[in-house]
Amino acid sequence: MERVRIPLLLLIQIILTLLVINGAEGKVPAIIVFGDSSVDAGNNNFIPTIARSNFAPYGRDYFGGRPTGRFSNGRVPTDFISQAFGLRPTVPAYLDPAYNISDFAVGVTFASAGTGYDNATSDVLSVIPLWKEVENYKEYQKKLRAYLGDKKANETLSEALYLTSMGTNDFLENYYTLRGRRSQYNVDQYQSFLIGIARNFVKTLYGLGARKISLGGLPPMGCLPLERATNFRNGNKCVESYNIVALSFNDKLRGLVEELNKQLPGVAVVLSNPYYVMLSMVRRPSSYGLEETTVACCGTGTFEMGYACARYNPFTCSDANKYMFWDSFHPTERTNKIVVDHVIRTALHKFM
């Protein structure tokens, strides 16, 4: 009987592929999320705020075509990350009564659209501040221990992947819109103020058992359709000053990541940075299968989001997959998937 010979290089590739697949199914038992509208799956539906998206046309490309409170036409980044790690294809909102601890045991988001690192940011639209997201997480821990038992729950909490995504609102909804923080800090000082909050936040999570943590960087926020639409003097181009601030803040986050990895024994903190891939999409949309990056799909694509993004707006596009942005502030599902593929390759792969 003739023996089948497998080239050594091919054998190594097969082994590595199997290791990645097995790792994705076992190394991370749960996805735990904190942040703003970029990763909110509907928590704001259950608090008194106008920062909601639980109505059409939001969610029109989500499973069943239903709006959930996600600020997109479909899934948000953390949904795709959960699926990539061999878990469920969506991460439910903690305040949604349609789900219970058996669902949350493998994935949960405490995020609230409109929030930020700064408590003053959450006050703008009366949403859940970061400190309250952490309190909800502590409550979740108690429920998880009652459900799984202390030993299994503690293993889940230490092996889970903690994802954070916030900061854009601190600048665009707070610092550059209201006078309060600008009267206290110049923009560089405000960045440092936010970094201090991020540092304490990660240390708090670490004290509660977290060991695998991703800090989300800022996008090129000057290229959001809303900012471009109001940039009349420069021909509706990206607001470069905002992009420079995003780059600077991301550099400070990178320094914080290095600091925390040195300070906290056994922790692995990474920076998931969407800036460059999103800027590349803006500049070279055809490379990503996109046609429109300057305006959004919803309505006129210049200012609508939330309740202004109405079901019967005659201007809303028919195919969101051609657009980078769904509303004037938030990406389409297609963009979210492209960004997730990028951050997995550049940051999250180490947890697989």
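Cut-off values and rules
Going along each chain's sequence as written, the residues are numbered from 1 onward. The predicted origin of the model limits local features to residues at a pLDDT of at least 70 and limits the giving and counting of side-chain atom pairs to 80 or more, whereas totals for whole chains, interfaces and linings rest on all residues. Side-chain measures were taken over the full set of non-hydrogen atoms in the model, leaving aside hydrogen atoms and water. If DSSP finds at least two bridges between two strands, the strands pair. The secondary structure listing takes helices from DSSP runs of H or I that are at least 4 residues long and strands from runs of E that are at least 2 residues long, numbered from the N terminus. Axes, fitted as lines to C-alpha atoms, cover a helix only where it is in contact. Angles between the N-to-C directions of the axes lie from 0 to 180 degrees. Each residue's exposure class comes from its accessible area (1.4 Å probe, protein chains only) as a fraction of the maximum for that residue type: buried when under 20%, exposed when over 50%, partly exposed otherwise. Note that the term roughly parallel is reserved for angles under 35 degrees, roughly antiparallel for angles over 145, roughly perpendicular for angles of 65 to 115, and oblique for everything else. Note on convention: the crossing is left-handed when the near helix lies turned anticlockwise from the far helix by less than a right angle, right-handed when the turn is clockwise. Residues count as neighbours in contact if any of their non-hydrogen atoms are within 4.5 Å of one another. Residues are grouped as follows: nonpolar covers Ala, Val, Leu, Ile, Met, Phe, Trp, Tyr, Cys and Pro; charged covers Asp, Glu, Lys and Arg; every other residue, Gly included, is treated as polar. When two cysteine sulfur atoms are found within 2.5 Å, that pair is recorded as a disulfide.

Draft legend 1. Up close: the sheet that holds strand β1 (residues 31-35). One open sheet accounts for 5 strands, arranged β2-β1-β3-β4-β5; its pairing is parallel. At either end of the open sheet lies a strand with only one pairing partner, and these are β2 (107-109) and β5 (268-272). Ignoring which end each strand starts from, the neighbouring axes of this sheet average 15° apart. Looking at chain direction, strand β3 (residues 161-165) and strand β4 (residues 212-216) are connected through 4 bridges and run parallel. In the strand pairing of β4, Thr-164 is matched with Leu-215.

Draft legend 2. Representation of the environment of Gly-299. Along the chain, the position of Gly-299 falls in the loop between α12 (275-283) and α13 (333-346). For Gly-299, a relative accessible area of 4% corresponds to the buried category. As a C-alpha pair, Gly-299 and Cys-309 span 10 residues in sequence and 6.2 Å in three-dimensional space.

Draft legend 3. View of the packing of helix α5 (residues 130-148) against helix α6 (residues 150-159). At a closest axis distance of 7 Å, the pairing of α5 and α6 adopts a crossing angle of 135°. Regarding the angle of α5 to α6, the classification is oblique. Taken as a pair, α5 and α6 cross one another with a handedness that is right-handed. Residues Tyr-137, Tyr-140, Gln-141, Leu-144, Arg-145 and Leu-148 of α5 touch α6, and the partners they reach there are Asp-150, Lys-152, Ala-153, Asn-154, Thr-156 and Leu-157. In terms of residue class, the contact of α5 with α6 is made up of 6 nonpolar, 3 polar and 3 charged.

Draft legend 4. Examining the state of the cysteines more closely. Scanning the entire structure with this criterion turns up 3 disulfides. Between the sulfur atoms of Cys-297 and its disulfide mate Cys-317 the distance is 2.0 Å. Given an S-S torsion of about -95°, the disulfide between Cys-297 and Cys-317 has left-handed geometry. A residue pair is termed long-range when its members are at least 10 positions apart, and Cys-297 in the loop between α12 and α13 and Cys-317 in the loop between α12 and α13 qualify at 20 residues. Both residues of the pair, Cys-297 and Cys-317, count as buried. In this model Cys-298 forms its disulfide with Cys-309; the gap between the sulfur atoms is 1.9 Å.

Draft legend 5. View of α12. Taking burial as the measure, the 9 residues of α12 include 7 buried ones, the bulk of the element. At its buried positions, α12 is contacted by α10 (225-229), α11 (240-263) and α13.

Worth remembering: the numbers are spatial, not functional.
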